[in-house]
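# Summary of structural features
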Amino acid sequence: MPFCSTPDVPLAADEIARLSALPDGAHEVKPVLGCELEPGHGGPHWAQGQAEDWGSGSIKNWWLRWDEATGLREWAHDDTCRVDSTAGDPDHDICLLPAGHAGGHSWAI
Ligand SMILES: [Zn+2]
Ligand SMILES: [Zn+2]
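In this report, the structure presented in the accompanying data block is examined. Please read all numbers here as calculations on a predicted model, not as lab measurements. (Residues numbered from 1 in each chain as written. Chains lettered and ligands numbered in written order. Predicted model: local features only at pLDDT ≥ 70, side-chain atom pairs only at ≥ 80, totals over all residues.)

## Points about the sheet that holds strand 4 (residues 59-67)
The sheet built from three strands is open, its strands ordered 3-4-5 with antiparallel pairing. Strand pairing shows two members of the sheet lacking a second neighbour, strand 3 (45-53) and strand 5 (72-76), which therefore form its edges. On average, each strand axis in the sheet is inclined to that of its neighbour by 10°, with strand direction left out of account. (Pairing = 2+ DSSP bridges. Helix = DSSP H or I, 4+ residues; strand = E, 2+ residues; numbered from the N terminus. Axes fitted to C-alpha atoms, helices over the stretch in contact; angles between N-to-C directions.)

Quick look at the structure:
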């Protein structure tokens with residue numbers, strides 16, 4: 001799966017500490033994040049740093065959103081895309097990128 005080839009972004013120590021300290025964090029926090037959108041996408045880059053999972057589909061995403069051109073670098077809590085690849089196919093896949101993301105869904109990249 002070829003992802004966007006923009007350089008990975010290192011997290012600051014306080015960001016790693018904050019994401020790691022979230023009591024319901026679903027993932028191990030990675031010190032360096034890479035964009036999860038498709039190559040050549042428009043708009044800012046997106047990478048998931050953490051997700052707080054309270055079950056029953058109740059999730060708070062921690063997306064790092066950045067753009068080298070404008071200097072944008074911020075945390076966003078956009079919902080998950082969840083577009084299904086092929087409903088009815090037992091091997092179907094759910095997108096899991098931020099809702100409204102640029103480029104193709106994760107299963108199409
Ligand atoms: Zn990107
Ligand atoms: Zn999607």
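## Observations regarding the pairing of strand 5
For strand 5, the tally of buried residues reaches only zero of five residues, placing the bulk of the element at the surface. Bridge analysis of strand 4 against strand 5 gives five bridges, and the strand direction is antiparallel. In the sheet register, W66 faces strand 5, and the bridge partner there is R73. Turn length for the strand 4-strand 5 hairpin, with the two strands adjacent in sequence and antiparallel, is four residues, and the turn residue G71 shows positive phi of about 80°. (Buried ≥ 20, exposed ≤ 12 C-beta atoms within 10 Å, placed from the backbone.)

## Points about the nonpolar core
Counting residues in each nonpolar core, the largest one holds ten residues, listed as L19, L33, C35, L37, W46, A47, W62, W63, L64 and L97. Broken down by secondary-structure element, the contributors of at least two residues to this core are strand 3 and strand 4. With three residues, the single largest contributor to this core is strand 4. Discounting chain neighbours no more than four positions away, the residues touching W63 are W46, A47, Q48, W75, A76, D78 and P98. (Core = buried A, V, L, I, M, F, W, Y, C linked by C-beta atoms within 7 Å. Contact = placed C-beta atoms within 7 Å.)

## Digging into the pairing of strand 4
Bridge count for strand 3 against strand 4 is eight bridges, and the pairing is antiparallel. Residue pairing in the sheet places A47 in a bridge with L64 of strand 4.

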